[in-house]
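Fold and contact review
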Amino acid sequence: MRKRDQRTECEGQSIRIIFHVDMDYFFAAVEENEHPEHKGKPIVVGANPKEGKGRGVVSTSNYEAREFGIRSGMPISRAWQRCPHAVYLPVDYKLYTEVSSRIMKILRRYADKFEQWGIDEAFLDVSSKVEDYEDARELAQEIKTEIYRNEKLTCSVGIGPNKLVAKIASDFEKPNGLTVVEEKDVEAFLAPLPVNKLLYVGKKTTRRLNALGIETIGDLANYDPSMLAEKFGVWGGQMYLSAHGIDHSEVQERWEIKSMSRDTTFDEDTSDVDFILETLDALAETVHKQLVESNFTCKTVTVKMRYENFETHTHGRTLPFQTNRLEDVQKTARELIHEFLRGDRKVRLVGVKLSNLVSGEKQKRLL
Ligand code: DCP
Ligand code: CA
Ligand code: CA
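The present account deals with the structure reproduced in this document.

**Overview of the coordination of the calcium ion (ligand 2)**
The protein atoms that coordinate the calcium ion (ligand 2) are D22 (OD), M23 (O) and D120 (OD), at distances of 2.2 Å. Note that the calcium ion (ligand 2) binds six donor atoms; their angles at the metal cover 78 to 174°, and the shape is octahedral. Counting gaps between the donor residues of the calcium ion (ligand 2) yields the pattern D-M-x96-D. In this structure, the calcium ion (ligand 2) is positioned 3.5 Å from the calcium ion (ligand 3), and both are ligated by D22. Of this pair, D22 sits in strand 3 (residues 18-23) while D120 sits in the loop between strand 7 (113-116) and strand 8 (121-125), placing them 98 residues apart in sequence. Assigned by exposure class, D22 and D120 land together as buried.

Here it is as structure tokens:
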């Protein structure tokens, strides 16, 4: 592969080549490596199923378990009904974070600009590293090989002219996929896909679009944009551009850890208050674990709640002290979520964020 100093150019205009890398069945894949004796069996990572009576949700499962209809975000009790003989393992967040940071370190080296996106995926702007899409494919193959050699894990890579297309492409041939979508092929690639493949088009919007006769991204791209604006406001215009594969957002470096957060989208919208609170507790526990393991304290706790209609609220509180106590985090989160729990509306997602972080190191210096 030839390296160039200048950005890839096309008729004098610089073009972008963006990768999206997403690890395959991440938590479960890491567990397969930890427990080779379970390889080949269905593995479910998540809450304790307690023989079908457990509360909490599935974090993820390997592809063998997915054959039984098990999905992330599904109640663990339902997973048990579908596949009681699966191997059920608790979430070992510390382990996955360690593996993740090693992978991110590898990926970062290949990129001009790098943006981690969640625990198991990242965007890489490789525009100056490659000459053309053929080069890009080779580079992606190199990355996949290096990750596999180091971690015995597979990933799926999507390559496109922007983040939107790269992200959809990485999902196209999962697992262990490599999908290249050149700029000229973007619209043809997107057109047959269902509209919910577009980031931020969830179940509700999908239903509304379907009601207008819009099933595929192609249907959306051919729809009258002024009608979309009328029905969906600014969001309608955004969806229309996305359907044409247009996205100018930059791959953004994030230098500093400003916050730590975890959220869960329920497999099915729920109004079960106990279930919501238990899920919130579990999220608080996970993010608290990350806080302690990274040797931070926090001062602000924020909860996020998304109703079935995608209306989203966040509500935060800054405590009078820095803390790394689980009790403080869970109690504050429960208090904050309280006002959003309305019997008449189902909940789609809950989340917990810790911010105003101070690292143990810095704290020592401040004392
Ligand atoms: N995760 C979670 N709860 C969810 C969704 C995901 O705890 N509702 C965790 C477990 C996943 C990890 O985040 O392993 C990454 O999520 P992905 O959506 O990328 O799913 P996977 O990597 O598990 O599977 P895929 O191969 O489909 O990417
Ligand atoms: Ca993944
Ligand atoms: Ca992911």
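**Thoughts on the site of ligand 1**
Near ligand 1, the surroundings consist of 15 residues, among which D22, Y25, F26, T60 and R66 are the closest. Separating an oxygen atom of ligand 1 from a backbone N or O atom of M23 is a distance of 3.3 Å. Within the side chain of S59, one N or O atom sits 3.0 Å away from an oxygen atom of ligand 1. Its free accessible area being 550 Å², ligand 1 has 78% of it covered by the protein chains. Of all the elements in the fold, those that place two or more residues in the shell around ligand 1 are strand 3, helix 1 (26-34), strand 5 (58-61) and helix 2 (63-66). Across the shell around ligand 1, the residue classes break down as five nonpolar, four polar and six charged.

**Overview of the environment of L319**
One can find L319 in strand 13 (residues 312-323). Assessed through its relative accessible area of 10%, L319 is described here as buried. L319 sits 222 residues away from T97 along the chain, and the two C-alpha atoms are 27 Å apart. Leaving out residues up to four positions away in the same chain, L319 has contacts with K299 and T332.

**Points about helix 6 (residues 163-170)**
Among the eight residues of helix 6, seven are classified as buried, and the element is accordingly described as predominantly covered. Residues of helix 6 that are buried: K163, L164, V165, A166, I168, A169 and S170. Capping the start of helix 6 is the job of one residue whose side-chain oxygen sits 3.2 Å from the backbone nitrogen of L164: N162.

**With respect to the coordination of the calcium ion (ligand 3)**
Looking at the calcium ion (ligand 3), one finds its protein donor set to be D22 (OD), D120 (OD) and E121 (OE), positioned 2.1 to 2.4 Å from the metal centre. As a motif over one chain, the donors of the calcium ion (ligand 3) read D-x97-D-E.

**A look at the pattern of salt bridges**
Per the counting criterion, the structure on display carries 24 salt bridges. Note that E327 and R325 form a salt bridge whose closest N and O atoms lie 3.7 Å from each other. The exposure class assigned to E327 is exposed, which follows from its relative accessible area of 56%. Taken together, the shared-partner salt bridges connect D22, D24 and K174 into one network.

**Description of the environment of E187**
Tracing the backbone shows E187 in helix 7 (residues 186-190). We classify E187 as partly exposed; its relative accessible area is 42%. For the pair formed by E187 and T297, sequence separation is 110 residues and the distance between their alpha carbons is 47 Å.

Cut-offs applied
- The residue count restarts for each chain, going from 1 along the sequence in the order it is written.
- Chain letters start at A and ligand numbers start at 1, both assigned in the order the entries are written.
- With the structure being a predicted model, the display of local features is reserved for residues of pLDDT at least 70 and the display and counting of side-chain atom pairs for 80 or more, all residues being used for whole-chain, interface and lining totals.
- Water and hydrogen atoms play no part in the side-chain values, which are based on all heavy atoms of the structure.
- The rule for donors is simple: N, O or S, within 2.8 Å of the metal, or within 3.2 Å if the metal is Na, K or Ca. Water isn't counted, so a site may look like it is missing partners.
- Every geometry call rests on angle ranges, with four donors termed tetrahedral when all angles are between 85 and 135 degrees, four termed square planar and six termed octahedral when opposite donors are over 155 degrees apart and all others are between 65 and 115, and everything else termed irregular.
- Runs of E in the DSSP output that reach at least two residues are strands. Runs of H or I that reach at least four are helices, and both are numbered from the N terminus.
- Remark: exposure states derive from per-residue accessible area (1.4 Å probe, protein chains only) relative to the maximum for the residue type, with buried under 20%, exposed over 50%, and partly exposed in between.
- Being near a molecule or strand, for a residue, comes down to having at least one heavy atom within 4 Å of it.
- Any pair of nitrogen or oxygen atoms within 3.5 Å is treated as a polar contact; in protein, a donor-acceptor pairing is required on top of that, and neighbouring residues in sequence qualify only through side-chain atoms on both sides.
- Areas reported here follow the Shrake-Rupley algorithm with a probe of radius 1.4 Å; residue values treat only the protein chains shown as occluding.
- The residue classification treats Ala, Val, Leu, Ile, Met, Phe, Trp, Tyr, Cys and Pro as nonpolar and Asp, Glu, Lys and Arg as charged. All others, Gly included, are polar.
- Whether two residues are in contact is decided by their heavy atoms, any of which lying within 4.5 Å being enough.
- The salt bridge criterion pairs a side-chain nitrogen of Lys or Arg with a carboxyl oxygen of Asp or Glu, the two atoms within 4 Å.

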